[in-house]
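Here's the letter readout for the chains.
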Amino acid sequence: MSVKTLVIGPGGREHALARALSLDPAVTEVHVAPGNPGMAAVATLHDVDPLDGDAVAALAVGLGVDLVVVGPEAPLVAGVADAVEACGIAVFGPSAAAAQLEGSKAFAKDVMNAARVPTARALVCTTAEEAATALDELGAPYVVKNDGLAAGKGVVVTEDRQAALDHAVACDRVVIEEYLDGPEVSLFVVTDGSTVYPMQPAQDFKRIFDGDAGANTGGMGAYTPLPWAPADLVEEVLDTVAHPTIQEMSRRGTPFKGLLYIGLALTSRGVRVVEFNARFGDPETQPLLALLDQDASPLSALLMGAATGSLASVTPPAWREGAAVGVVMASRGYPASSSSGDVITGVDAAEALADVHVIQAGTALRDGSLVTAGGRVLAVVGVGEDVAAARAAAYDGVACISFDGAQHRTDIAAGI
Ligand code: AMP
Ligand code: GLY
């Protein structure tokens, strides 16, 4: 098989996808729109707005690609996958209707309830009075989620009732839910709407500072596999979450195909869904794709199988031995703000290290220099025989890279 691909999106997840596709022997061309400077090494960049479905579809037709991979949630919710599919091109990523699993927390809760998927008890509120009643009914710690897309910043978890209420009032519609304790796990499943293949569990570090202190971010680092996770975790999540959810989406006439990101809490009372996303997670995708065994299970075959309803005839994801760790370097001010235009040095030096590669996200070229252009600037990925070795490699890479105001956590995958 030979496959021409187009990856839609500008960030780290898309760089990781484009890089993995470029390493897949079946893939003859990798195009990205709009991409970032890091992706220029593995793909051809096209300056097209990822939210403009007609423009993306026209680019896909013009390039004659076989497969479009839509990376971020915003284009999916905006119907970019629908626009591409309408032109007869295979697309990895759900329709706008199915992407509501991420686009609306209230919708996701409704699907989970209908499918009897274990999750936190939740109340949907649109007024301050409703919110106040819900906060008192569910008690502290308070969890208040903006109903719509909020780029990882829509959720407030706090002991402070007033802060919880303020967040609820600041949003049009919120989901207020029971607090879930216990470690979080990200399990990604690839699906064509009926067949479901799990990837390896991964873990993401959401808070900005070491020791899980400070504000929630889009994710400051991640690793896979999780040596401490229960042996039957994947099977349990397939049985209790993934299959029932995918079946419920089909039953509603809005089959979900693409990547279902299942965010889980392993609570003292059992496994509970914290959130669904309708796309690969960032930064978990960076270490996950670093470990995908593309000799046994090439990425393009998985994505194409999911896109075309033929996943059952494709080899399920197979994984290389060992572990991978990704450490995010963010710009000054992140996550409240970000800093642009700071010159980044040392990326080549980091990539010259054995078992290290750099995935770019918020970067740009200015007068020939690589500069910061966003909150999460890049992720340094290390691979090794176990988590400790992969972590050491990743941090050796981080030590090579500098830019003004750079911040990173020092405890990603520590003590695992
Ligand atoms: P979400 O956007 O729903 O993933 O929420 C972002 C983060 O907020 C999660 O990764 C958790 O760390 C935290 N969070 C969300 N829901 C809950 C909950 N019910 N209980 C405790 N923490 C939560
Ligand atoms: N890693 C969190 C996310 O992708 O939403």
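Refer to the structure presented above.
Residues numbered from 1 in each chain as written. Chains lettered and ligands numbered in written order. Predicted model: local features only at pLDDT ≥ 70, side-chain atom pairs only at ≥ 80, totals over all residues. Heavy atoms only, no water.

Caption draft 1: Inspection of the environment of Gln100 at higher detail. Inspection of the secondary structure puts Gln100 in helix H5 (residues 100–103). Its relative accessible area of 24% is what places Gln100 among the partly exposed residues. For the pair Gln100 and Gly148, spaced 48 residues apart in the sequence, the C-alpha separation amounts to 9.2 Å. (Helix = DSSP H or I, 4+ residues; strand = E, 2+ residues; numbered from the N terminus. Buried < 20%, exposed > 50% of the residue type's maximum accessible area, 1.4 Å probe, protein only.)

Caption draft 2: Structural context of the sheet that holds strand E4 (residues 67–70). Strands sit in the order E3-E2-E1-E4-E5 across an open sheet of five strands; the sheet is parallel. Bordering the open sheet on either side are strand E3 (44–45) and strand E5 (90–92), each of which pairs with just one other strand. Those strands touched by helix H2 (residues 53–63) are strand E1 (3–9), strand E2 (27–34) and E4, and its axis lies near 160° from that of E1. (Pairing = 2+ DSSP bridges. Contact = heavy atoms within 4.5 Å. Axes fitted to C-alpha atoms, helices over the stretch in contact; angles between N-to-C directions.)

Caption draft 3: Here's a closer look at the site of ligand 2. Taken together, Asp204, Lys206, Gly218, Tyr261, Asn277, Arg279, Gly281, Asp282, Pro283 and Glu284 form the complete shell of residues around ligand 2. Within the contact set of ligand 2, a nitrogen atom lies 2.7 Å away from a side-chain nitrogen or oxygen of Asp204. Note that an oxygen atom of ligand 2 is positioned 3.3 Å from one of the side-chain N or O atoms of Asn277. Protein contacts shield 90% of the accessible area of ligand 2, which totals 190 Å² for the unbound molecule. Grouping the constituent residues of the shell around ligand 2 by class yields two nonpolar, three polar and five charged. (Near = heavy atom within 4 Å. Polar contact = N/O pair within 3.5 Å; in protein donor to acceptor, adjacent residues only side chain to side chain. Areas by Shrake-Rupley, 256 points an atom, 1.4 Å probe, with all protein chains shown as cover. Nonpolar A, V, L, I, M, F, W, Y, C, P; charged D, E, K, R; others polar.)

Caption draft 4: Quick peek at the sheet that holds strand E11 (residues 196–198). A sheet is described by the order of its strands in space; here four strands give the open sequence E11-E10-E16-E17, paired in antiparallel fashion. Pairing within the sheet leaves two strands with one partner each, and these edge strands are E11 and strand E17 (270–277). Pairwise comparison of adjacent strand axes, ignoring direction, gives a mean angle of 35° for this sheet. One ladder, built from eight bridges, connects strand E10 (residues 184–191) with strand E16 (residues 258–267); its direction is antiparallel. If you follow Ser186 over to E16, its bridge partner there is Gly263. Lying over the sheet, helix H9 (residues 233–251) contacts E10, E11, E16 and E17, oriented at roughly 125° with respect to E16.

Caption draft 5: Seen up close, H9. The end-to-end C-alpha separation of H9 is 26 Å, in line with the 27 Å expected for 19 residues at 1.5 Å each. The axis of H9 is deflected most strongly, by about 40°, at Asp239. Packing partners of the buried residues in H9 comprise H5, helix H6 (105–114), E10, E11, E16 and E17. (Expected span 1.5 Å × (residues − 1). Bend = angle between axes of the 7 residues up to and from the residue.)

Caption draft 6: Spotlight on the packing of aromatic side chains. Enumeration over the complete set of coordinates arrives at four aromatic pairs. Relative to Phe280, the ring of Phe92 has its centre 5.9 Å away and its plane inclined at 35°; by these criteria the two rings are tilted. Of the two residues, Phe92 sits in strand E5 while Phe280 sits in the loop between E17 and helix H10 (285–291), which places them 188 residues apart along the sequence. Across the pair, Phe280 and Phe92 agree in class, each one buried. An angle of 40° between the planes, with centres 6.0 Å apart, marks the rings of Phe205 and Tyr223 as tilted. Taken as a pair, Phe205 in the loop between strand E12 (203–204) and strand E13 (207–209) and Tyr223 in strand E15 (residues 221–224) lie far apart in primary sequence, 18 residues in all. An aromatic cluster is built from Phe92, Phe188, Tyr261 and Phe280, whose rings are joined through pairwise contacts. Sitting over the face of the ring of Tyr261, Arg279 holds its NZ or CZ atom 5.8 Å from the ring centroid. (Phe/Tyr/Trp six-rings, centres within 6.5 Å; stacked < 30°, edge-to-face > 60°. Lys NZ or Arg CZ within 6 Å of the ring centre and 35° of its normal.)

Caption draft 7: How the structure looks around empty space enclosed by the protein. Under the counting rule described, the total for this entry stands at four cavities of 30 Å³ or more. What the largest cavity holds in volume is close to 90 Å³. When residues of the lining of the largest cavity are assigned to their parent elements, the largest contribution, four residues, is made by H6. Split into classes, the residues belonging to the lining of the largest cavity amount to five nonpolar, one polar and six charged. Its volume calculated, the second largest cavity comes out at about 50 Å³. Looking at the lining of the second largest cavity, the elements with two or more residues in it are E10 and E16. Residue composition of the lining of the second largest cavity, grouped by class: three nonpolar, two polar and four charged. (1 Å grid on protein atoms, 1.4 Å probe; cavity = no way out; pocket = protein on both sides within 12 Å on 5 of 7 lines; lining within 4 Å. Points joined across faces, edges and corners; volume = space filled by probe spheres on them.)

Caption draft 8: Broad picture of the side chain of Thr372. Checked against the element boundaries, Thr372 lands in strand E22 (residues 369–373). Thr372 gets classed as buried once you look at its relative accessible area, which sits at 1%. A distance of 3.0 Å separates a polar atom in the side chain of Thr372 from the backbone oxygen of Ser339. Setting aside chain neighbours within four positions, we find Thr372 in contact with Ser339, Ser340, Gly341, Asp342, Ile344, Gly362, Val377 and Phe403.

Caption draft 9: The layout of surface pockets, seen in detail. Size it by volume and the second largest pocket reaches roughly 210 Å³. Mapped onto the lining of the second largest pocket, the elements with two or more residues apiece are helix H1 (12–22), H10 and strand E20 (356–360).

No statement about biological role is implied by the geometric values presented.
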